[in-house]
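Fold and geometry: a report
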Amino acid sequence: MNRFAGSEFSYRVIKIILGSLPLLIIAAAKAQTGTPPVYSNGMVVCAYPDAAQAGLFILKKGGNAVDAAVAVQFALAVTLPEAGNIGGGGFMVYRSAKGQTNTLDYREKAPAAASTNMYLDAAGNIIPNMSLYTHQASGVPGSVDGMVEAHRKYGRLPWAVLLQPAISLARNGFKITAHLAADLNRNQADFKRLNPGKAYFVKNAPWQTGDVLVQTDLANTLQLISAKGRAGFYEGRVAAQLVAEMKTGNGLMTLADLKNYHSKWRKAITGKYKGYKVITMPPPSSGGIALVQLLHAVEKYPLHRYGYNRDSTVQLITEAERRVYADRSKYLGDPDFYKVPVDSLLKPEYITGRMASFAWAQATPSSTIQPGSFAGYESDQTTHYSIVDKEGNAVSITTTLNGSFGSKIVVNGAGFLLNNEMDDFSSKPGTPNMYGLVGGKANSIQPGKRMLSSMTPTILEKNGKLFMVVGTPGGSTIITSVFQTILNVIEFDMDMQQAVAAKRFHHQWLPDNITAENNALTPEVKAILTKKGYKILDSGGIGRVDAILKTRAGYQGGADPRGDDTTAGW
Ligand code: DON
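Everything in this summary refers to the structure shown in the same document. Computed from a predicted structure; not experimentally measured.

On to the overall build of the protein chain, then. Of regular secondary structure, the protein chain possesses 20 helices and 19 strands. Relative to the 2.2 N^0.38 estimate, which gives 25 Å for 570 residues, the radius of gyration of the protein chain is 22 Å and therefore close to what a compact globule would have. Taking the principal axes of its C-alpha atoms as reference, the protein chain extends roughly 65 × 60 × 45 Å. Scored against the burial criterion, the 570 residues of the protein chain give a buried share of 64%. Carbon together with sulfur atoms contributes 55% to the accessible area of the protein chain, which is approximately 20100 Å² in total. If you average the places of the 59 positive and of the 44 negative side-chain charges in the protein chain, the two averages end up 3 Å apart.

Not every one of the 16 residues close to the ligand is listed here, only the nearest: Thr382, Glu421, Asp424, Ser453 and Gly475. A distance of 2.9 Å is found between an oxygen atom of the ligand and a side-chain nitrogen or oxygen belonging to arginine 107. At 2.6 Å from an oxygen atom of the ligand is found a side-chain nitrogen or oxygen belonging to threonine 382. Calculation on the ligand without its partners gives an accessible area of 340 Å², and the protein chains cover 99% of this total. Residue composition of the shell around the ligand, by class: four nonpolar, eight polar and four charged.

Read from one edge to the other, the open sheet built from seven strands follows the order 7-4-3-11-10-2-19, with strand pairing classed as antiparallel. Of all the strands in the sheet, the pair left with one neighbour each is strand 7 (264-266) and strand 19 (566-569). Each adjacent strand pair in this sheet contributes to an overall mean axis angle of 15 degrees, direction not counted. Here strand 4 (residues 101-106) runs beside strand 7; their pairing, made up of three bridges, is antiparallel. Bridged to aspartate 105 within strand 7 is lysine 264.

This next bit is on the pairing of strand 8 (residues 269-273). Where burial is concerned, the two faces of strand 8 differ: the one with Ile269, Gly271 and Tyr273 is buried and the one with Thr270 and Lys272 is not. Hairpin connection, strand 8 to strand 9 (residues 276-280): the antiparallel pair is bridged by two residues, and lysine 274 has positive phi, about 50 degrees.

Tracing the backbone shows glutamine 215 in the loop between strand 6 (212-213) and helix 9 (216-228). From its side chain, glutamine 215 meets the backbone oxygen of valine 78 in a polar contact 3.0 Å long. With residues up to four places along the chain from it excluded, the contact list for glutamine 215 reads Val78, Ala170, Phe174 and Phe201.

This part is about the environment of valine 72. Relative to the elements of secondary structure, valine 72 occurs in helix 4 (residues 65-79). On the accessibility criterion, valine 72 (0% relative accessible area) is buried. It is 14 Å that separates the C-alpha atoms of valine 72 and phenylalanine 91, two residues lying 19 residues apart in sequence. Sequence-distant contacts of valine 72, defined by excluding residues within four places in its chain, comprise Val44, Cys46, Ala51, Gly55, Tyr385 and Ile387.

This next bit is on the pattern of salt bridges. Taken as a whole and judged by the stated rule, the model has 24 salt bridges. The residue glutamate 491 makes a salt bridge to lysine 274 at a minimum N-O spacing of 2.5 Å. Look at lysine 274 and you get partly exposed, because its relative accessible area is 37%. In this structure, the salt-bridge partner of arginine 323 is glutamate 319, at a minimum N-O distance of 2.8 Å. With arginine 323 and glutamate 319 both in helix 15 (residues 311-331), this residue pair falls four residues apart, about one helical turn. Like glutamate 319, arginine 323 is buried. Among the charged side chains, a salt-bridge network with shared partners connects Asp105, Lys264, Arg266, Asp336 and Arg450.

Before going further, it helps to spend a moment on the pairing of strand 17 (residues 546-551). The two faces of a sheet get side chains in turn, since along a regular strand they alternate between them. Bridge count between strand 13 (residues 465-470) and strand 17: two bridges; the pairing is antiparallel. Looking across to strand 17, one finds that valine 469 is bridged to isoleucine 548. By the bridge criterion, six bridges tie strand 17 to strand 18 (residues 554-559) in an arrangement that is antiparallel. Within strand 18, the position partnered with lysine 550 by the bridge is tyrosine 555. Two successive antiparallel strands, strand 17 and strand 18, enclose a turn made up of two residues.

The next subject is the nonpolar core. Counting residues in hydrophobic clusters, the biggest one holds 170 residues, and the most contacted among them are Phe74, Ile86, Leu222 and Phe416. Top element by residues in this core is helix 4. It accounts for 12 residues. Apart from residues no more than four positions distant in its own chain, phenylalanine 74 is found in contact with Ile86, Val144, Met147, Trp159, Leu163, Ala166, Leu222 and Ile225.

Each value, and the rule that gives it
Residues numbered from 1 in each chain as written. Predicted model: local features only at pLDDT ≥ 70, side-chain atom pairs only at ≥ 80, totals over all residues. Heavy atoms only, no water. Helix = DSSP H or I, 4+ residues; strand = E, 2+ residues; numbered from the N terminus. Rg over C-alpha atoms; globule rule 2.2 N^0.38 Å. Buried < 20%, exposed > 50% of the residue type's maximum accessible area, 1.4 Å probe, protein only. Areas by Shrake-Rupley, 256 points an atom, 1.4 Å probe, with all protein chains shown as cover. Lys, Arg positive; Asp, Glu negative; His and termini not counted. Charge placed at Lys NZ, Arg CZ, Asp CG, Glu CD. Near = heavy atom within 4 Å. Polar contact = N/O pair within 3.5 Å; in protein donor to acceptor, adjacent residues only side chain to side chain. Nonpolar A, V, L, I, M, F, W, Y, C, P; charged D, E, K, R; others polar. Pairing = 2+ DSSP bridges. Axes fitted to C-alpha atoms, helices over the stretch in contact; angles between N-to-C directions. Contact = heavy atoms within 4.5 Å. Salt bridge = Lys/Arg side-chain N within 4 Å of Asp/Glu carboxyl O. Core = buried A, V, L, I, M, F, W, Y, C linked by side-chain atoms within 4.5 Å.

Next comes the structure, spelled out in structure tokens:
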């Protein structure tokens, strides 16, 4: 018996079940405090406790990692409205127990009526917030099609079984954490302003930790998806509700846009770092290419000897990031619309050549770095989850609405939030988006095109065997957080939990500064770097990495202490 069995659950049932599984609770506690627990039968690490339990429930029922991933995607759509979604999109990197790899691109697409200059006024200036908090900010959602497609290809349990936990959580409600209560309270004014006449997520008195959030309209939408699969979302009642919502705010999405949306299997980007193989997301993510470039750029340096976040380490990583993000701005975009020079960008000689201008004596000003050539931040909510099953199949998924709660517009009657992913396009060449990222033609808006992403769901192998499953939210900082987490384990001998919790820093070419979490860099390191010309700014939490490490003893989780992130395993 489990809390998710049947169509209803009660908190008394949860209590009894949790009471009978004390090991699970100890494990969750340990994840926060130090020694990570290990599991041999499978594990879920994700950003909300109830969603982690939903995934574990599916694994215990005999579901594989993809089944659990589908359950977690839908459960997060209920429990983590900031980022979990059915109105957004994402990327999945998959590695089977036998070592076959694949990636699924369920990123949103620009509606057919979108156009290159749609966010510019007559004078050619960006109209503030139009790509962020309007009905025109949304791309055509990909999450439901992505889950249907992932399940069709790799799933084992019946589809409806995978939707059940999410439906229960939406219909019966779940207790909200302090983080979620604070996020809901912070957004009350926006929810009211952007959703006149609707009553989603708003409350007269402030939300409190432990309040029960019930989402009946969302439960009904999920029920339709459960019964009809793709058609339950992209056609029929929900599609009509979405298009009606668009009409209330000059939104562009049509029934045809919805019907024409299809996710896409793409060949993984792979690379090597020392004895490890990196399996990661290809374009329209910039993350995979950037991650492989970064790893190659630092590979020949003795990072282990320099030490974690010591001045040489920070300087080297910063200089590598500066060059890689410059390339991102010019060459990365949707490969279905723009010829991304993947092979050239990943050539070892090219990456080494890019580092030739790096000198230890002084910072290289970003103004002197251009994209290479060769022949031929409150608003930070996305979510990542990592899953392994009993057989050793692994799933790494990052999914998002883009900003926190996306456009903050809820589809009336259907109860789900719309993304504001259109802001990930380059609205105007050289003008930064909400993450300060600049771009040009490769990432210009075109009908049906996917906006460039930084999401970097990744899987690592060591000696041909599964080694790590890793990823994070964080907009432009995603790539560096994944990069640093990998280095923390491989170079700095941290366990998975330490590697995830360790303080991070970030550089993205433009603006030309290092942003660092509180206490990420010692005063001495800061002084050395400042003297060399680096500008260092304080930053809030960078990323929420959720990862799994395969150790000799079993699967070891790393759940980011910056959020409500949780490990659940057996
Ligand atoms: O795809 C991207 O790169 C962004 N839409 C991700 C946004 C994000 O990570 C926000 N959360 N922290």
